[in-house]
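Letter by letter, the chains look like this.
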Amino acid sequence: MNALSATNRNFRQAARILGLDSKIEKSLLIPFREIKVECTIPKDDGTLASYVGFRVQHDNARGPMKGGIRYHPEVDPDEVNALAQLMTWKTAVADIPYGGAKGGIGCNPKDLSKSELERLTRVFTQKIHDLIGIHTDVPAPDMGTNAQTMAWILDEYSKFHGHSPAIVTGKPIDLGGSLGREAATGRGVVYATEALLAEHGKSIKDLTFSIQGFGNVGSWAAMLIHEKGGKVVAVSDITGAVKNPNGLDIPALLQHKEKTGRLTDFEGGDAMDSDEVLVHECDVLIPCALGGVLNRENAGNVRAKYIIEAANHPTDPEADEILSKKGVIILPDIYANAGGVTVSYFEWVQNIQGFMWDEEKVNRELKKYMTRAFHNLKNMCQSHDCNLRMGAFTLGVNRVARATLLRGWEA
């Protein structure tokens, strides 16, 4: 099942639980605006190349739309639609004043030089600059884009609108980026895990963790869990996987990956099959990589008691059912990985005020937002007698529906 049909299914179930009117239900599903633009640039060898750029702006009832821009060869409109919609519910769950958006360019960034990427980013910005804005739609980095990409968008946008640091988040610190943004998603995952475990009378230091994906989110989550005394017993990424039943030395593993570019041949652990990480013996499994990794083939073999969805949509709806029957507790992505967009919101606030915070304040505020969102989510679970995923969806959908009605959507 693809991301869009899974997201729609979760939305419809939440709408049913909340007893939403069918007209508003339909209106909430349709994106506010979909933009598709042609971006033609001269390549370094003088030839011209054309790419398709797009932006899906899903909903702006609660505030400006927010979401990443990805540079990826298979940019599938359905997936982007699903991710834009997911951002609408995610920002509502975290209770930050944004709606959802997502976008990107169909290209392979590995095949483009730095100057080609810069030209492409600038042309894309020229084409959409009047459709994004500080109070309209605020992009951020995603797959294949980074702080440098955001710097180019900021510069190009500012040529039209004057210096506007709040137009994008995830910027370099020197251009108004926020301290703590780099670690935010991973740190949010850890705060979310702490909130869930506290509910069950447990803490990170007593448990073992398996982490699938060792990019930005996975490596920060592993690092912070290690610092808090948790045992990370297995880690994988595209280069391979490594395990140690007594707990991996995460700082050493990070150094090893920095040096060699891969996880394999690490002295402090044994190699294992990458797919094995998902079904490894552990208390808490944290998928931090791609969507759809837990499916009907492997869900029955998962040995973790808790799954924290740091990736977007890692659990297929079929796997969801299998896992709930087994009594596995799943902390859903639209809550668990909301740390990134929450600190993006802090960055935007700092830019608008022209007043930057220190890192302690960023982390303290993030913990406050993640903990409060968990309690709101649990209240929804109790009042509607549903699991954590439906608790999160009903919380998010209800907030957006209420804002839509209050604004007078029929007028």
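Please read these numbers as outputs of a predicted model, since none were measured by experiment.

**Q** Just checking my understanding: could you explain the UniProt feature "binding site: substrate" (unreviewed entry) in the protein for this structure?
**A** With numbering matched to this structure, UniProt assigns "binding site: substrate" (unreviewed entry) to Lys66, Lys90 and Ser344. Spatial clustering of the annotated residues is evident: they stretch over 279 residues in sequence, but the largest pairwise C-alpha distance comes to 12.9 Å. Within the secondary structure, Lys66 sits in strand E3 (residues 65-72). A polar side-chain atom of Lys66 sits 2.9 Å from the main-chain carbonyl oxygen of Val138. Among the structural elements, Ser344 can be located in helix H11 (residues 339-353). Setting aside its immediate chain neighbours within four residues, Ser344 contacts Lys66, Tyr98, Thr169 and Arg181.

**Q** Can you walk me through the sheet that holds strand E12 (residues 329-331) in this structure?
**A** Pairing between the strands of a sheet is mediated by backbone hydrogen bonds and can be parallel or antiparallel. Here seven strands make up an open sheet; going across it, the order is E9-E8-E7-E6-E10-E11-E12 and the pairing mixed. Strand pairing shows two members of the sheet lacking a second neighbour, strand E9 (270-272) and E12, which therefore form its edges. With direction set aside, neighbouring strand axes in the sheet form an average angle of 20°. Here four bridges tie strand E7 (residues 231-237) to strand E8 (residues 240-243), and the two strands are oriented antiparallel to one another.

**Q** Just checking my understanding: could you explain the side chain of Glu347 for this structure?
**A** Relative to the assigned elements, Glu347 resides in helix H11. On the basis of relative accessibility, which here comes to 0%, the residue Glu347 falls in the buried class. Among the polar contacts listed, one links the side chain of Glu347 to the backbone nitrogen of Gly170, at a separation of 2.8 Å. Non-local contacts of Glu347, meaning those with residues more than four positions away in its chain, are made with Val168, Thr169, Gly170, Lys171, Gly176, Gly177, Ser178 and Arg181.

**Q** When you look at the environment of Gly229 in this model, what are you seeing that I'm missing?
**A** By the element assignment, Gly229 lies in the loop between helix H7 (216-227) and E7. Gly229 sits in the partly exposed class, given a relative accessible area of 40%. Between the C-alpha atoms of Gly229 and Ile204, which are 25 residues apart in sequence, the distance is 6.8 Å. Ignoring anything within four residues of it in the chain, the contact list for Gly229 reads Ile204 and Lys205.

**Q** Where do I start with the nonpolar core in this structure?
**A** Within soluble globular proteins, side chains that are nonpolar tend to cluster in buried spots. Counting 80 residues, the largest nonpolar core has Leu28, Val235, Leu253, Ile286, Leu331 and Tyr335 as its most contacted members. Residue contributions to this core peak at nine residues, all from helix H12 (residues 359-384). Setting aside residues up to four positions removed in sequence, Leu28 forms contacts with Phe11, Leu20, His58, Asp59, Trp89, Val397, Val400, Ala401 and Thr404. Of all hydrophobic cores here, the second largest spans 24 residues; its members include Ile35, Ala49, Tyr51 and Trp152.

**Q** Whenever I open this one, the environment of Gly162 confuses me. Can you help?
**A** Positionally, Gly162 belongs in the loop between helix H5 (147-161) and helix H6 (184-199). When the C-alpha atoms of Gly162 and Trp89 are compared, they prove to be 32 Å apart, with 73 residues separating the residues in sequence.

**Q** Got a minute to help me understand the pairing of strand E10 (residues 284-287) in this structure?
**A** Each regular strand carries side chains that alternate between the two faces of the sheet. Both faces of E10 are covered, namely the face carrying Val284 and Ile286 and the face carrying Leu285 and Pro287. Direction of pairing for E10 relative to strand E11 (residues 306-308): parallel, over a ladder of two bridges. Across the sheet, the residue bridging to Leu285 is Ile307, located in E11.

**Q** I keep staring at the packing of aromatic side chains and nothing clicks. Help me out?
**A** The geometry of an aromatic ring pair is captured by two quantities: the separation of the ring centres and the angle between the planes. One pass over the full model with this rule turns up nine aromatic pairs. When the centroid spacing of 5.9 Å and the interplanar angle of 50° are considered together, the rings of Tyr345 and Phe346 count as tilted. The pair formed by Tyr345 and Phe346 is uniform in burial state, with each residue classed as buried. Here Phe346 and Trp357 contribute two aromatic rings whose centre-to-centre distance is 5.3 Å and whose plane-to-plane angle is 40°, an arrangement assigned as tilted. Residue Phe346 is found in helix H11, and its partner Trp357 is found in the loop between H11 and H12; the two are separated by eleven residues along the sequence. With relative accessibility at 1%, the residue Phe346 sits in the buried group.

**Q** Would you explain the sheet that holds strand E5 (residues 137-141) in this entry?
**A** The mixed open sheet is built from five strands, whose spatial order is E1-E2-E4-E3-E5. Two strands bound the open sheet, and with one partner strand each, they are strand E1 (33-42) and E5. On average, each strand axis in the sheet is tilted by 20° relative to the strand beside it, whichever way the strands run. Taken together, the five bridges between strand E2 (residues 48-57) and strand E4 (residues 99-106) define a ladder with antiparallel strand orientation. The residue of E4 that forms the bridge with Phe54 is Gly104.

**Q** Teacher, can you tell me more about the packing of H12 against helix H13 (residues 388-406) here?
**A** Two numbers describe a pair of packed helices, the interaxial angle and the distance between the axes. Where H12 meets H13, the axes come as close as 8 Å, and the angle between the chain directions of the two elements is 100°. Our classification of the angle between H12 and H13 gives roughly perpendicular. Of H13, the residues touching H12 (which contributes Ala373, Phe374, Asn376, Leu377, Lys378, Met380, Cys381 and His384) are Leu388, Gly391, Ala392, Thr394, Leu395, Asn398 and Arg399. Considering only residue class, the contact of H12 with H13 consists of eight nonpolar, five polar and two charged.

**Q** When you look at the pairing of strand E6 (residues 208-212) in this model, what are you seeing that I'm missing?
**A** Summarising burial for E6: five of the five residues are buried, a large majority. A two-sided burial pattern is seen for E6, the buried positions comprising Thr208, Ser210 and Gln212 on one face and Phe209 and Ile211 on the other. Pairing of E6 with E7 involves five bridges; the strand directions are parallel. Looking at E7, one finds that Thr208 is bridged to Lys231. In terms of handedness, the path from E6 via H7 over to E7 forms a crossover that is right-handed.

Parameters at a glance
Residues numbered from 1 in each chain as written. Predicted model: local features only at pLDDT ≥ 70, side-chain atom pairs only at ≥ 80, totals over all residues. Heavy atoms only, no water. UniProt positions renumbered as here; feature names shortened; annotations may be inferred. Helix = DSSP H or I, 4+ residues; strand = E, 2+ residues; numbered from the N terminus. Polar contact = N/O pair within 3.5 Å; in protein donor to acceptor, adjacent residues only side chain to side chain. Contact = heavy atoms within 4.5 Å. Pairing = 2+ DSSP bridges. Axes fitted to C-alpha atoms, helices over the stretch in contact; angles between N-to-C directions. Buried < 20%, exposed > 50% of the residue type's maximum accessible area, 1.4 Å probe, protein only. Core = buried A, V, L, I, M, F, W, Y, C linked by side-chain atoms within 4.5 Å. Phe/Tyr/Trp six-rings, centres within 6.5 Å; stacked < 30°, edge-to-face > 60°. Parallel < 35°, antiparallel > 145°, perpendicular 65-115°, else oblique. Nonpolar A, V, L, I, M, F, W, Y, C, P; charged D, E, K, R; others polar. Right-handed = clockwise from strand over helix to strand, strands pointing away.

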